[in-house]
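Residue-level structure breakdown
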Amino acid sequence: MSELPKKEQLYELIRANPFISQQELADQMGLSRSAVAGHIASLIRERRLLGRAYVLPDERPILCIGAANLDRKLRTLAPLQMGTSNPAGASETCGGVARNIAENLARLGAPTALLTALGGDAASQALQAHAEAAGIDMSGSLKLHGMASGTYTAVLDAGGEMVLALADMALYEQLSPAFLASRAPQRSAAALVAADLNLPLDSVALLLAEARSGGVPLVIVAVSQPKMARLPLDLRGLQLLILNRGELETRAGRALPTEADVRAACLELQSQGVQDIIVTCGAAGVYHTIPGDLHWMPAHEVDVVDVTGAGDAFAAAVCWSLAQGDADLTQACARGLQAAALTLQSPHTVSPALSADAIASAVHHAGQE
Ligand SMILES: Nc1ncnc2c1ncn2[C@@H]1O[C@H](COP(=O)(O)OP(=O)(O)O)[C@@H](O)[C@H]1O
Ligand SMILES: O=c1[nH]cc([C@@H]2O[C@H](COP(=O)(O)O)[C@@H](O)[C@H]2O)c(=O)[nH]1
């Protein structure tokens, strides 16, 4: 009689984390390991479980950890006037840095998983359905039924320039070290972890500590200048930090107007433990570190339709390149610049034109500049 609820609880735990061990299930449910084994055998007989989630090395996913937001854009129809009601056009899309990266990776054909927090509202359901339709494994994500999804609301003026944006992302405080610990098996099965700085500081510190002790390679992608406060001081263990110039200035605590200033700031960060850094500089291009120095790569010249998501497409293509075992950062940035250019020419946050073939056509001029 009492067996059914326990079995269902166990099933939900396995659905949330297909990599969970029998011992972890036993500990979390207060059952003996043999009782857990019995329930699992019964679920397998019922074909509700098809086997354990072991994966072969070449199928290891890239795991993105961070935000999946509902993005709202409001664009005024005439020059913006403060302190009054402005006629505007509104649009809504799926966003969030980690989610955007995951969708780009899925379009590139990489096995991709996303660890995020979703609420119980219609927006959360839409975010989950959209991600699953793109082929992103959402099974490890946290469901918080009483909460609303994260939202990002940007006000653009009539020319399309962002006037201000508001980030309501309290939900991601729940992506705590304890939550990440509960997803340790899924994380350790990944080819690469790409985490955004929507995560709480302690959670970022946990990912760094694990990467430091020989875990999965870790890439951190910055989100905004205020959220640079979530990047720990100790960066040992971090393979790559991707951030824009303004975010680097926030970390350095000073303006960085010249290349020499950017180089000095990158060397400081490397002395704090990060192996490599990519500094994106908008329409101009990107710097990436090489031993003791920086390498500059200009951005593609394109007719910009919408800048949203260009930085995330860049980061995704870089992670994709690294996860294929190609450690060449110049090559990774060439792929990133190509992905960003495709995104800029699309009104969508993630360009439908993105594919592995579209990136493969990116030529890299390493050593010729
Ligand atoms: N106006 C633009 N023209 C050409 N490329 C751009 C433009 N804006 C962004 N990019 C591309 O997108 C990348 C990321 O943009 P950037 O503004 O530096 O970061 P973020 O959007 O993450 O703040 C750049 O490195 C560049 O390749
Ligand atoms: O604090 C945050 N602000 C903004 C984002 C996300 O960043 C993307 C916009 O980035 P950009 O305009 O820089 O491309 C949006 O999808 C938005 O949801 C985020 O994850 N966290």
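Residues numbered from 1 in each chain as written. Chains lettered and ligands numbered in written order. Predicted model: local features only at pLDDT ≥ 70, side-chain atom pairs only at ≥ 80, totals over all residues. Heavy atoms only, no water.

As annotated in an unreviewed UniProt entry, the protein carries the name Pseudouridine kinase and is attributed to Pseudoduganella violacea.

**Considering the site of ligand 2**
Taken together, 15 residues are adjacent to ligand 2, and Asn69, Asp71, Asn198, Lys227 and Gly309 come closest. Val97 is positioned such that a nitrogen or oxygen atom in its backbone is 3.1 Å from an oxygen atom of ligand 2. Asn100 places a side-chain nitrogen or oxygen 3.1 Å from an oxygen atom of ligand 2. In the complex, 82% of the free accessible area of ligand 2, which totals 480 Å², lies under the protein chains. (Near = heavy atom within 4 Å. Polar contact = N/O pair within 3.5 Å; in protein donor to acceptor, adjacent residues only side chain to side chain. Areas by Shrake-Rupley, 256 points an atom, 1.4 Å probe, with all protein chains shown as cover.)

**Concerning the packing of helix 9 (residues 245–252) against helix 10 (residues 259–271)**
For any two helices packed against each other, the geometry is given by the interaxial angle and the distance between the axes. It is at 10 Å that the axes of helix 9 and helix 10 come closest, and there the two elements cross at 60°. Relative to helix 10, the element helix 9 lies oblique. Helix-helix and strand crossings are classified by hand; for helix 9 and helix 10 the assignment is left-handed. Every residue of helix 10 that contacts helix 9 at Arg245, Leu248, Arg251 and Ala252 is listed here: Glu259, Val262, Ala265, Cys266 and Leu269. Residues of the contact of helix 9 with helix 10, tallied by class, amount to six nonpolar, no polar and three charged. (Axes fitted to C-alpha atoms, helices over the stretch in contact; angles between N-to-C directions. Helix = DSSP H or I, 4+ residues; strand = E, 2+ residues; numbered from the N terminus. Parallel < 35°, antiparallel > 145°, perpendicular 65-115°, else oblique. Left-handed = near helix turned anticlockwise from the far one by under 90°. Contact = heavy atoms within 4.5 Å. Nonpolar A, V, L, I, M, F, W, Y, C, P; charged D, E, K, R; others polar.)

**A closer look at the environment of Pro352**
Among the secondary structure elements, Pro352 is positioned in the loop between helix 12 (329–344) and helix 13 (356–360). Separated by 36 residues in sequence, Pro352 and Ala316 place their C-alpha atoms 14 Å apart. Excluding anything up to four places from it in sequence, Pro352 contacts Arg107 and Ser346.

**Structural notes on the nonpolar core**
Membership of the largest hydrophobic core comes to 49 residues, with the highest contact counts inside it found for Ile242, Ile278 and Phe314. Apart from the residues within four sequence positions on either side, Ile242 is in contact with Val219, Ile220, Val221, Ala222, Ile278, Phe314, Ala315 and Val318. Counting 46 residues, the second-largest nonpolar core is a separate cluster that includes Met169, Leu207, Leu269 and Leu294. (Core = buried A, V, L, I, M, F, W, Y, C linked by side-chain atoms within 4.5 Å. Buried < 20%, exposed > 50% of the residue type's maximum accessible area, 1.4 Å probe, protein only.)

**Here's the deal with the environment of Arg230**
Note on placement: Arg230 falls in the loop between strand 11 (218–221) and strand 12 (240–244). Here the alpha-carbon distance between Arg230 and Ile20, two residues 210 residues apart in the chain, equals 28 Å. In this structure Arg230 touches Glu173, Leu197, Asn198, Leu199, Pro200, Leu201 and Val204, once residues within four positions along its chain are discounted. Polar side-chain contacts of Arg230 include one of 3.2 Å to the backbone oxygen of Leu199.

**Considering the site of ligand 1**
Taken together, 15 residues lie around ligand 1, and Asn244, Thr280, Gly282, Leu337 and Leu344 are the ones closest in. Between ligand 1 and the protein, one listed contact pairs an oxygen atom with a side-chain N or O atom of Asn244 at 2.8 Å. For ligand 1, an oxygen atom lies 2.8 Å from a polar atom in the backbone of Gly282. Look at ligand 1: alone it shows 550 Å² of surface, and the protein chains cover 74% of it. Of all the secondary-structure elements, those providing two or more residues to the shell around ligand 1 are strand 13 (276–281), strand 14 (285–290), helix 11 (310–323) and helix 12. With three residues, the single largest contributor to the shell around ligand 1 is helix 12. Per-class residue counts for the shell around ligand 1 are nine nonpolar, six polar and no charged.

**Describing the side chain of Glu247**
Inspection of the secondary structure assignment puts Glu247 in helix 9. In this structure the side chain of Glu247 is engaged in a polar contact, spanning 3.2 Å, whose partner is the backbone nitrogen of Ser224. Those residues in contact with Glu247 that lie beyond four places of it in its chain are Ala222, Val223, Ser224, Gln225 and Met228.

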